[in-house]
Amino acid sequence: MGNPSIEAMQHIEEIRTKKFSIGKKVPNPLTLDLHHAVASLSAELYQKDIHFLMELIQNAEDNEYKEGVEPTLEFVLTEKDITGTGAPATLLVFNNEVGFSRENIDSICSIGRSTKKGKRRQGFIGEKGIGFKSVFLVSSQPHIFSNGYHVKFREEPNQVCGIGYIVPEWVWGADLLVLTVQAVYGHGKDLPTTTFLLPLKRDKVEAVRAQLLELHPEILLFLSKIKRLYVRGCDPQKADDVSTLSIFSETEHTELRSKTANSRVVQLSVKEKMCDTEQLCKYYLWREDFPVKPGNRVEIRMDVEKWALLEKREIMNFLEFDSDSIDTIPLLKYTDRKGSPALCTIKTTEEELKIRYAMGLELHTWLSKCNMEFGCPDNVYFLPNKTLEAVLNHQKSHPPKRRYRKKNHMESSSVCNWLNRSAGVKSLSAYDYAFLLLNHVSKKESNVAVRLSNFLYLAHKEGFLTEYEISDLCGRIPIVDGSDKVRVQRTVTLVPSSGSKWAKFSFFLGKSTPEKELLHFVGEYSKAMDLPDLCPPDVVLQIASHELSSEQAFLLLDWIRLLRTKNSSIPKNFIESIENGKWMKTFSGYKSPREVIFPDETGKALFDLMKHVLEDVAILDQEFYMNKIKLYQDELKFLGVRLGSENIGKLVTTRFLSLASSGMSKESTYSLLTFISFSRGRSMVDNGWLAVMKEKKWLKKLRGYNPPNGSILLLQSEIEVENCSKVTNLPIVDEAFYGSRLGSFLSELRLLGVTYDADVVQRLVAENVNLTSNLSSMTGGCGLLILKCVRWLGSGAAGLINRIKCHPWVKTTLGFKSPSETVLPDPKWVSLLSTLQVPAIDELYYDNAIRQFVDELNALGVVVDNTGTTVMIAARFKSLLSSSSLDPATVMALLRCIREMNLTMSLQHSELQWLLSEKWLKTRHGFKTPDESIIFSSKWGQLMLFVDLPLIDDVYYGTGIYKFRDELEKLGAITDFERGSPLVAKGLHSPIEAELLDADGIRSLLECIKSLMSRSLDDPLVGDFLKNIANSRCLKTTNGYKAPEDCILFDSSWECILNRLDAPSIDEAFYRTDISAYKNQLRDVGVKVDPQDVCSLLSGHLLSLTDTASITRIYSFLNKFQWSPKVLNKCNSQVWIPEPKSKAGAWAKSQCCVLHDKKNLFGSCLFSLDKYYSKELLPIFSSAFGVPENPSIKDYLLLWDIWASMNNSIVTVEKCSSFWKCIVDNWNPHIEETLKQNLTKVPATMSMSGQIYLIRKEEAFIADDLQLKTIFSSFDKAPLFVWFPNSSSSVPHRRLLEIYESLGVRKISASVKCTVKGMLSSEHWEKVEQNNGLIGRSLTKIVLAFLAGPELNMPFKERLEAAKSMSVLTVYKTDKPIKVCYQLMPCASTTVEVEKLKLVLWEKDSKRLFIDKSGYDGGKSDLEFVTSFANELAQGLLAQARPAAAHALSRIIQMAYIYGFNENEVEFLLMTENLELFVEDKKFLDEAYPVSQKRTTA
């Protein structure tokens, strides 16, 4: 088997990794559920009143114990902080169980996964998983040591997975902790298998101490396993604070006649203090098991099949010793509402519940069952039968001394007296309990009152109540009347309900009481009668002439039913008064039965549907009678009520025949259609009635009321009623009168003879079109309807076309025309057609729907194609040209037509060739085609000074010609510079004078440039044009007129950074427009537009400024666009240094500036720009002007020389840290060489002072050995050791150490000399035989594994020599300490000597190892000796290696020494350190230490 500790540690690591995803990149998907579960656990812990000690005792009771072991639980409270968590006290819990298993650990790391589930039969009493986790109430870091597991848990959530309470952590160094626990438990005793260490919360110490003191000895009586319980302290001042509880003996175990019960005598032993003698207390115990009823099982205890109750007999004798606390002990047992035994305290019987018993087992059993049947009224409960049996047996064995006994009552024993007097448990009789029920039932429902009658009936039958008692009680019992009400006050004529209501509740205590017997019993003793038993007289029943409630009506119907069932003769006056009395509730008020109709479901539905049509119809209100009235149909029919739906239907059809005699209203029409729909759905249409309705004149049409048969409904067709009536004479239903709801009754209308099918309707309309008498009333809709008719008839429309094609019914722009005279043009020609007076169809008149009938119009002779339309327009235009020349008015009209056309086609289209190719436009150069003409605008005005342009002659046409600028442009006339710019370029031959150009002129030039640059750039004309403009001083700026190359086009987005006056910006206000729209054109002539070009211009402009605000803005602009010069000249670069609180300043060379001086060290020699400019602005000084970000190494070395030259040579920690951080951050071979040559002093400190001195590096030492440093710490005349920063410093300790070494600073380990001062004579030596386990196999294994490990990776031969040098040592104990002298020489003239006592000394020359006898005898408990031994061996073996290696080996040897060099522990230790032996090492080890020596040599 493997090492239990290793397996346990691996198990814990597996839980942390797999379950809680600690160390994994992907979290466990169940982590969220664990979050919720832990949150619920936390809430449960702090909301419930949980006694954590009882939870621990319960856990110990549930644990398993080895055979022969006396189960013991110990609590030890100490004020020591054993776990090192800062706790004010620690509670230790010891239990000698078998220990934690793997499953137990898995369970405790979960929520709701107790290993006790399903083990109720084995005696486990654990509940719900609180258990161990209750310790978090008092401890935030509980520890568990059991079976190799050394784990702890934390209350706060784990930082990785965010879960608390259940995440295990391995306790490292637990062996040292176990030693402390052993000291607390006692050195002479073996530690139990399981130990809980609970470092207590500061506010819980006194609460825990109080709970420990409250543990009562009797707790052992209720535990089946635990036999001993200890409670003690472990502090010197409280050494006698101990309590011992134990079961002293168990005797007289007796098996009773019941297999589920037993008894025994138990003696408890109690000792409160160590010095006290044991006190014994004797108990007689009774234990009985009860089966759990299925109805009483709950989800969390489904596996519990029986409950055990424990009673202590003669308990008063013991409780007298502690009478103050008896009221709070759960001493009394009773039967709860479910029949299960339960416990309560005496205090509870005084405040919450009442416990009773009967002085007779049979009566007690019966009353207890009745009590559960009634739900334990008024919180009254009964003793369990077994308990009462024990009380009665005690009474028999201890008869009372009194001779007189009250009648019907047994005289009470001392136990009964105590129950009555002290515990509030009283006896009662059947009469007492019945009286209690009377007060309870009078306020309840009728079924409870009936059960009371059952109770009295059975109590009388069983003889529990006398005749006198039953008569008295029945005179008081409530009676359920006919309205199902419970009544207490009544007379002889007040009667109970019918027998059926009593029969429903006649089942009591599992028995059924015959209905007649129960009613006879109630009638006999309560003097009440049931209504059905009364015989009616031959008189009028007055109550039937008035309204009756539903309950009264049912009583009356029940009475009639009973009389008819018995075939009894019903008196005439009596029955007629009921038949004619208005007592039945209908929808039209209260009516007599002979007037009422009781419809079935169909009839009721029909009535609900038609009740607004029917008048004064008495329909029975079934809802009033809660639909129960259906059970009395025979009785209702007997009384004259008409049943079914047939009568309702006849009433409805008769009503509609009456309404149809004249024109029917819209509402009545819809009611009729609804009735027909209802009848169709139930196949109950009266065809004869329907035939009559088809011929009656009740349906509204356009020309009055007519029969529905033969009518047309246009609802489903596209035909409008008004249009159809104008072109036809068909009988059309007036849809406007009825509304759209008619569409919901199409099937019903078809039954009445109405035609509505779309195809049929359209055919009828098309066949009946007639225009001869209707032309005067024609509308657009009528015209569209005619076209639809042509479409519907299709190939058969020839006849209709011939009838209408010659009539002028088509509306055109010139009035009504026949189809053959009209044109349906493309919309693009409409304006021209209107201008040229061509008749085109008026589409607006037809609501723009006429184009849906192009084929139909074409069939009627209308011109609909594009070609025909174009021919007509062209012919008309040529006619105008040939008849006369185009005068200005004609041209203006033509342009107006073109505007209206909204031309969309290409201007070169053949259809407009006559407009594009002719020279019909008059210009200043004569008549031209449109594409040879220019339309004048203001932008051409300035350019007219340089070139003669072919402008359209506005003198000839008048200024109105400019209204058609867009039309002329579409025809090809030139309106912009894009097409006219070549003419401008031809006329410009020299630079332009500024006086000749205003703002409009510049804009015109820029437009020409834009057009020219979009063409070919190879044209020499373009280059000459741009050159002439670039040489012109023509641009107005904020600093006057400038040439383009000296100007800036200011971007509005720069205004947050730069002021327009800071540079020669183009004056946009002067040009009155967004000049930036010509950015590209301005760039073409040399204006600075792009940010980088602007930055270059501004950088040259800087040195001419002396205003801090302007200079800062320019710096911000340069920084915004990250400008840098193409060639950086650091020697000539200058930076503006502002003066504080002034606009002035001075220019300084960039070499005298830095961006940052974070520690304010260089204020005297450098300008730190972060003191003058914002953080955001600093990057520009570095990139554009060459300012370094921080002081250079050269600057730091110069500053170090300044500090070193000071008189006291003292520097602050901040200065020293800053200097060496710079060195570390910039370390490279060049800096290393520079420091070696120039750095003569290094920082050093004295142990007694915190100051840092700069001393020559030859006089300082590196404290690479802490022991040596401690030895020389007493020397305070001069600083010896170089300065190192604290752990929080940004200067790495290791890096600084390497730098010191590279600068030649000596290490103390290599510089100190150690000599033995006065070696002891041999008489003080004592040889240790076979090294007595100090130097053996385990130690050699550690050394070989370490030397071969990754730290050193030493070759085998060197490892072998090192191991042999140690194995050949002779060990001697000395009775006096070994005195040595340590010498250190900071310089040739100074020597520092310190004497020291050593516990271990290795003389390599003599191969002897001297050890201090007292330290050796102390063994592993003497930590100083263990450390000295490990250090001496490690330093002796690794004298030439790095000190860190010797320290690591020393630490491993120390751990092995503490474990006594145990072979298994050493194996585990090497594995945790990731060390192992090679094959050759194992071979050497086996040869040097044969197998036979393994057991004797460590």
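Here, the structure is the one placed above.
These figures come from a predicted structure and were not determined experimentally.

Chemist: Teacher, can you tell me more about the overall build of the chain here?
Modeler: Helix and strand counts for the chain come out as 57 helices and 49 strands. Residue pairs in contact within the chain that sit at least 24 positions apart in sequence constitute 65% of those at least 6 positions apart. Accessible surface, the chain: about 76700 Å² in total, of which carbon and sulfur atoms supply 50%.

Chemist: Even after reading the chapter, I still don't get the pattern of salt bridges, so can you show me in this structure?
Modeler: A pair can form between side chains of opposite charge whenever their charged atoms are brought close. Counted under the stated rule, the structure contains 40 salt bridges. A salt bridge links Glu 1473 to Arg 1451; its shortest N-O distance comes to 2.9 Å. Placement of the pair is Glu 1473 in the loop between α56 (1463-1472) and α57 (1479-1488) and Arg 1451 in helix α55 (residues 1443-1458), with a sequence separation of 22 residues. Taken together, the shared-partner salt bridges connect Arg 1337, Lys 1341, Glu 1463, Glu 1467 and Asp 1486 into one network.

Chemist: I tried to follow the side chain of Glu 1432 on my own but got confused; where do I start?
Modeler: Take Glu 1432: it is sitting in helix α54 (residues 1423-1437). Among residues more than four places away in sequence, those in contact with Glu 1432 are Lys 1398, Val 1400, Leu 1401 and Trp 1402.

Chemist: Sorry if this is basic, but what is going on with a positive patch on the surface here?
Modeler: Side chains of Lys 293, Lys 369, Lys 461 and Lys 511 sit close together on the surface and give a patch of like positive charge. The exposed category is assigned to Lys 511, whose relative accessible area is 52%.

Chemist: For this particular structure, what's the right way to read empty space enclosed by the protein?
Modeler: Rolled over the atoms, a probe as big as a water molecule pinpoints where empty space is left. Applying the stated criterion to the full structure yields 4 cavities of 30 Å³ or more. The space that makes up the largest cavity amounts to roughly 70 Å³. Forming the boundary of the largest cavity are Ile 1002, Leu 1005, Leu 1006, Ile 1009, Ile 1029, Cys 1034, Leu 1035, Pro 1044, Leu 1082 and Val 1085. Considering each element in turn, the lining of the largest cavity owes the most residues, 4 residues, to helix α38 (residues 999-1013).

Chemist: Honestly, the packing of aromatic side chains in this entry has me stumped. Any pointers?
Modeler: Geometrically, a pair of aromatic rings is defined through the distance of the ring centres and the angle of the planes. All told, the structure shown has 51 aromatic pairs when counted by the stated rule. Pairing Tyr 1372 with Phe 1410 gives two aromatic rings, centres 5.8 Å apart and planes at 25°, and the pair type is stacked. Taken together, the positions of Tyr 1372 in strand β45 (residues 1370-1374) and Phe 1410 in strand β49 (residues 1408-1412) put the pair 38 residues apart, joining distant regions of the chain. Residue classification places Phe 1410 among the buried positions, given a relative accessible area of 0%. A cation sits over an aromatic face here: Lys 189 above Tyr 185, 4.2 Å from the ring centre. Residue placement shows Arg 564 over the ring face of Phe 638; its charged tip is 4.6 Å from the ring centre.

The rules we used
Residues numbered from 1 in each chain as written. Predicted model: local features only at pLDDT ≥ 70, side-chain atom pairs only at ≥ 80, totals over all residues. Heavy atoms only, no water. Helix = DSSP H or I, 4+ residues; strand = E, 2+ residues; numbered from the N terminus. Contact = heavy atoms within 4.5 Å. Areas by Shrake-Rupley, 256 points an atom, 1.4 Å probe, with all protein chains shown as cover. Salt bridge = Lys/Arg side-chain N within 4 Å of Asp/Glu carboxyl O. Patch = residues over 30% accessible without salt bridge, like charges linked within 9 Å, V, L, I, M, F, W, Y side chains within 5 Å. Lys, Arg positive; Asp, Glu negative; His and termini not counted. Charge placed at Lys NZ, Arg CZ, Asp CG, Glu CD. Buried < 20%, exposed > 50% of the residue type's maximum accessible area, 1.4 Å probe, protein only. 1 Å grid on protein atoms, 1.4 Å probe; cavity = no way out; pocket = protein on both sides within 12 Å on 5 of 7 lines; lining within 4 Å. Points joined across faces, edges and corners; volume = space filled by probe spheres on them. Phe/Tyr/Trp six-rings, centres within 6.5 Å; stacked < 30°, edge-to-face > 60°. Lys NZ or Arg CZ within 6 Å of the ring centre and 35° of its normal.

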